[in-house]
Every structure is written in C-alpha cells, then in structure tokens.
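# Structural features, examined
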Amino acid sequence: KGSAGRLLRALGMYDFSRVKVQADHFTGEEFLEFQAKAQLGDAAAQSKLGFCYYKGVIVTEDLAEAVKWIRKSAEQGHPPAQRNLGDCYDNGKGVGMDPVEATKWWRKAAEQNDAAAQFNLAVRYEYGRGVQKDYVEAMNWYRKAAEQGDAVAQVRLGDGYATGQGVEKDPVQA
C-alpha cells in the first residue's frame, strides 16, 4: 500500500491515504458531531464530512456529496480540503477531470504549506500537466515539500541536483 501511494503521488495523483488512517476511526457519534459543525460552516468539519462521503466511511459513498462538502471547506481556505478538491479534479472523482482546476486548488493548499499539495504541484511543473513545464518551479516546490519531510520530494530534489535539471548541478546536494 505504501509503494502504491508513493507511485500515485509521483504521478501527481494523491489518493487521500494520509487522511484515511484518521477517518477510519470515526464513530457514529463523532460523525454526527462534525456533521452538525459542518452545517454551521466549520471548515475542518466540512472537510471531514466530505472525506466520509468520498470514502464511504459511516455513510454510503457519494462523490457528488463529497465534493459539495470538500468545496465548501476549500473555499474557506482549509488546506487539506483544497488539496483534496485538487485531487478530485485530477482524478475526475465527483467532478469532471480538469488538470488546470486541480492545479489551481493544489496551489492554494501548497501556498499554505501543505506538503502533499506542494509535491503535487512540483509534479505538475515537472511534467507540464495543467501548467507549462518549468523545471525551476518544479524544484522550488519539491524543495518546499522536502523541507517538510516528504521523502519522495527529497528524492526528486536530489535527482534535480544530480542532473542539474531545474537547479544548478551539485553532487554534494544530490
């Protein structure tokens, strides 16, 4: 499962796996509590509620309902929801597949130091999906994610230093 998650992330497709560990432990009572908070506009609760509908945790999977709640949270500036909305657009889950819209939402989360969104944005720039290919920008975003401990971003940044792609070639940094 770990290597599959890394592969999906390397392709710029975050799979909600980081959130799943926490969400699988929701009780029905906790669900009702954050459902009530979500309806009152609590961004974190809206994000959790969207996740439950996305994964079918406690409720029946409903991608349209998931996106509705994730979007409400994302529009309030909640970084995990912004990243997850980007994921929905990237994978066409609950919305039409749209790499430009995915990039837009990942950027919002990345600018708030969400490491997974920073990694996804770096992949976008490295491969030119939803943005113009830009190795310098890719390495900048890999660096930000790497500085937060993202191991795959650390490897990609090291590769950049080894090859000189997007950064000055530096075997010591590699």
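Residues numbered from 1 in each chain as written. Predicted model: local features only at pLDDT ≥ 70, side-chain atom pairs only at ≥ 80, totals over all residues. Heavy atoms only, no water.

Let us now look at the packing of helix α6 (residues 79-91) against helix α7 (residues 99-110). Closest axis-to-axis distance for the α6/α7 pair is 7 Å, and the angle between their directions is 165°. One way to sum up the angle between α6 and α7 is to call them roughly antiparallel. Remark: the crossing between α6 and α7 carries left-handed chirality. Taken together, the residues of α7 that come into contact with α6 (itself represented by Pro79, Gln82, Arg83, Leu85, Gly86, Asp87, Tyr89 and Asp90) are Glu101, Ala102, Trp105, Trp106, Lys108 and Ala109. For the contact of α6 with α7, the per-class residue count stands at seven nonpolar, two polar and five charged. (Axes fitted to C-alpha atoms, helices over the stretch in contact; angles between N-to-C directions. Helix = DSSP H or I, 4+ residues; strand = E, 2+ residues; numbered from the N terminus. Parallel < 35°, antiparallel > 145°, perpendicular 65-115°, else oblique. Left-handed = near helix turned anticlockwise from the far one by under 90°. Contact = heavy atoms within 4.5 Å. Nonpolar A, V, L, I, M, F, W, Y, C, P; charged D, E, K, R; others polar.)

The next subject is the confidence of the model for the protein chain. Of the residues in the protein chain, 85% reach a pLDDT of 70 or more, and the chain-wide mean stands at 86. Below a pLDDT of 50 lies the segment residues 1-23, which in the model reaches 46 contacts outside its immediate sequence neighbourhood of four places, other chains included. (pLDDT = per-residue confidence, 0-100.)

This part takes up the packing of aromatic side chains. Scanning the model with the defined rule gives two aromatic pairs in all. With a centroid separation of 5.5 Å and 75° between ring planes, the pair formed by Phe31 and Phe34 is classed as edge-to-face. On the criterion of helical spacing, the pair formed by Phe31 and Phe34 is a turn pair, its members being three residues apart in helix α3 (residues 28-39). Here the two residues Phe31 and Phe34 agree in accessibility, since each one is buried. Lying across the ring of Trp69, Lys72 places its NZ or CZ 5.2 Å from the centre. Across from the ring centre of Trp105, 5.5 Å away, lies the NZ or CZ of Lys108, which sits over that ring. (Phe/Tyr/Trp six-rings, centres within 6.5 Å; stacked < 30°, edge-to-face > 60°. Buried < 20%, exposed > 50% of the residue type's maximum accessible area, 1.4 Å probe, protein only. Lys NZ or Arg CZ within 6 Å of the ring centre and 35° of its normal.)

So, on to the packing of α7 against helix α8 (residues 115-127). A pair of packed helices can be characterised by two numbers: the angle between their axes and the separation between those axes. Running from N to C, α7 and α8 point in directions that differ by 135°, and their axes come no closer than 8 Å. When the interaxial angle is binned, α7 and α8 end up oblique. Remark: the crossing between α7 and α8 carries left-handed chirality. Of the residues in α8, those in contact with Pro99, Ala102, Thr103, Trp106, Arg107, Ala109 and Ala110 of α7 are Ala117, Gln118, Asn120, Leu121, Arg124 and Tyr125.

Structurally, Lys108 can be placed in helix α7. Taking C-alpha positions, Lys108 is 7.9 Å from Arg83, a pair spaced 25 residues apart along the chain.

Moving on, we come to the environment of Ala110. Tracing the sequence through the fold places Ala110 in helix α7. Taking the relative accessible area as the measure of exposure, Ala110 reaches 2% and is therefore buried. Contacts of Ala110, omitting those with residues within four sequence positions, involve Ala117, Gln118, Leu121 and Trp141.

For helix α10 (residues 151-163), spanning 13 residues, the distance from its first C-alpha to its last is 19 Å, which sits close to the expected 18 Å at 1.5 Å a residue. Every buried residue belonging to α10 is among Val152, Ala153, Leu157, Gly158, Gly160 and Tyr161, and all of these are buried. After α10 finishes, the residue Gly164 shows a positive phi value of roughly 80°. (Expected span 1.5 Å × (residues − 1).)

What follows deals with the pattern of salt bridges. Close approach of charged atoms allows side chains with opposite charge to pair. Going through the model one piece at a time under the given rule, you end up with eight salt bridges. Linking Arg83 and Asp114 is a salt bridge whose minimum nitrogen-to-oxygen distance equals 2.8 Å. Of the two residues, Arg83 sits in helix α6 while Asp114 sits in the loop between α7 and α8, which places them 31 residues apart along the sequence. In this structure, Arg83 and Asp114 share a single accessibility class: buried. Taken together, the shared-partner salt bridges connect Asp90, Arg124 and Arg129 into one network. (Salt bridge = Lys/Arg side-chain N within 4 Å of Asp/Glu carboxyl O.)

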